[in-house]
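Residues per chain, in single letters:
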Amino acid sequence: MKFHQHVGVIEAENEQALVEALTIARVQARVLAKLAPNVAVLEREDAALVIDALQKLGLHPKVMQ
């Protein structure tokens, strides 16, 4: 059993958008769990990489802390 205290949850509009965001940030292999086809749980640092990668592309993801 593993416990992760500091995780990030990425929720995309659809499964394809999630796959693209994870791929752009190069974290697709580090997904801890998928709660739904469009929802992934990552370590907080990996979630931050996704946010940074999207912002570099000129996108503005909604971030909740």
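Above this text sits the structure in question.
What comes next is a walk through the structure. (Residues numbered from 1 in each chain as written. Predicted model: local features only at pLDDT ≥ 70, side-chain atom pairs only at ≥ 80, totals over all residues. Heavy atoms only, no water.)

Section: the overall build of the protein chain
Stage number 1. Within the protein chain one finds two helices and three strands.
Stage number 2. From first element to last, N terminus to C terminus, the protein chain shows the α and β order β-α-β-β-α.
Stage number 3. A compact globule built from 65 residues should have a C-alpha radius of gyration of about 11 Å, and the protein chain, at 11 Å, falls within 12% of that.
Stage number 4. In terms of its C-alpha atoms, the protein chain occupies a principal-axis envelope of roughly 40 × 20 × 20 Å.
Stage number 5. When each of the 65 residues of the protein chain is scored for burial, the buried share is 28%.
Stage number 6. A sequence separation of at least 24 residues applies to 50% of the contacts in the protein chain between residues at least 6 apart.
Stage number 7. If you average the places of the 7 positive and of the 8 negative side-chain charges in the protein chain, the two averages end up 5 Å apart. (Helix = DSSP H or I, 4+ residues; strand = E, 2+ residues; numbered from the N terminus. Rg over C-alpha atoms; globule rule 2.2 N^0.38 Å. Buried < 20%, exposed > 50% of the residue type's maximum accessible area, 1.4 Å probe, protein only. Contact = heavy atoms within 4.5 Å. Lys, Arg positive; Asp, Glu negative; His and termini not counted. Charge placed at Lys NZ, Arg CZ, Asp CG, Glu CD.)

Considering the nonpolar core
Stage number 1. I10, L18, L22, A25, V27, L42 and V50 are the most contacted members of the largest nonpolar core, which has 13 residues in total.
Stage number 2. At the level of secondary structure, the elements contributing two or more residues to this core comprise α1 (15-24), β3 (39-43) and α2 (44-56).
Stage number 3. Element by element, the count of residues in this core is highest for α2, at four residues.
Stage number 4. Excluding its chain neighbours within four sequence positions, the residues that come into contact with L42 are V7, G8, I10, L22, V27, R30, V31, L32, A47 and V50. (Core = buried A, V, L, I, M, F, W, Y, C linked by side-chain atoms within 4.5 Å.)

Brief notes about the pattern of salt bridges
Stage number 1. A complete count under the given rule lists one salt bridge for this structure.
Stage number 2. A salt bridge links D46 to R30; the shortest N-O distance between them is 3.0 Å. Note that D46 is positioned in helix α2 and R30 in the loop between α1 and β2 (33-36), a separation of 16 residues in sequence.
Stage number 3. By relative accessible area, which is 40% here, R30 ends up partly exposed. (Salt bridge = Lys/Arg side-chain N within 4 Å of Asp/Glu carboxyl O.)

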